[in-house]
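Tertiary structure, described
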Amino acid sequence: MSPEDKATVKITWAKVVPIADVAATLFYERLFTLDPSLQPMFGRTDMKEQRRKLLAALGAVVNGLENLEPLIPVLENLGRNHARYGVTDAHYETVGAALLWTLEQGLKEAWTPAAKAAWTKAYGTVADVMRSAAATSAMPAVA
């Protein structure tokens, strides 16, 4: 990501923070609208806590944009955990679509083409790390 992309993500995230719980609620509503088959994965989940975790993870990514190295092991662990919950590659696409839609709803006029591009890159980076970790954890050990 370019320095401009990183700055755009940080600036727009600062505008989401005041409406964070509303944004997280919108995110999950959109996620389940896009793919209702995901809802059972959250059947026993405390959604208030889940929204808090989502916001914390997004905040960590935004705050870690300048130095992603310490964030990579955290994202890899998330990817492995999500794989154990049944998350597949296709789900990452749905999550990305729900995230971008949510940001668009929350940011309104601040959701510019530059903001969309920056967030798309940021999410793509995160999703790639998580997918890669999930894939390697699913592979059988070589003897």
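Everything below is about the structure shown above.
Presented here is an overview of the structure given in this document. (Residues numbered from 1 in each chain as written. Predicted model: local features only at pLDDT ≥ 70, side-chain atom pairs only at ≥ 80, totals over all residues. Heavy atoms only, no water.)

1. A look at helix α3 (residues 47–63)
- The end-to-end C-alpha separation of α3 is 24 Å, in line with the 24 Å expected for 17 residues at 1.5 Å each.
- Where α3 begins, the capping side chain belongs to D46, and its oxygen is found 3.0 Å from the backbone nitrogen of K48. (Helix = DSSP H or I, 4+ residues; strand = E, 2+ residues; numbered from the N terminus. Expected span 1.5 Å × (residues − 1). Polar contact = N/O pair within 3.5 Å; in protein donor to acceptor, adjacent residues only side chain to side chain.)

2. Examining the packing of helix α2 (residues 20–34) against helix α5 (residues 89–107)
- One way to put it is that α2 packs onto α5 with a least axis distance of 9 Å and a crossing angle of 135 degrees. With respect to each other, α2 and α5 are oriented oblique. Read as a crossing pair, α2 and α5 show a hand that is right-handed. On α5, the residues that touch A23, L26, F27, R30, L31 and L34 of α2 are T94, V95, A97, A98, L99, W101, T102 and Q105. (Axes fitted to C-alpha atoms, helices over the stretch in contact; angles between N-to-C directions. Parallel < 35°, antiparallel > 145°, perpendicular 65-115°, else oblique. Left-handed = near helix turned anticlockwise from the far one by under 90°. Contact = heavy atoms within 4.5 Å.)

3. Digging into the pattern of salt bridges
- Counted according to the given criterion, the structure contains 6 salt bridges.
- Linking K121 and D5 is a salt bridge whose minimum nitrogen-to-oxygen distance equals 2.7 Å. Remark: D5 occurs in helix α1 (residues 3–16) and K121 occurs in helix α6 (residues 113–138); sequence separation between them is 116 residues.
- A cluster of three or more residues bridged by salt bridges with shared partners is formed by D89, E93 and R131. (Salt bridge = Lys/Arg side-chain N within 4 Å of Asp/Glu carboxyl O.)

4. A word on α1
- With 14 residues, α1 should cover 20 Å at 1.5 Å per step; its first-to-last C-alpha distance of 20 Å lies within 8% of that length.
- The complete set of buried residues in α1 reads D5, K6, T8, V9, T12, W13 and V16. When α1 is viewed along its axis, its buried side chains cluster within an angular range of 160 degrees and face the same direction. In α1, the exposed residues that point more than 90 degrees away from the buried face are P3, E4 and I11. (Buried < 20%, exposed > 50% of the residue type's maximum accessible area, 1.4 Å probe, protein only. Arc of directions from axis to C-beta.)

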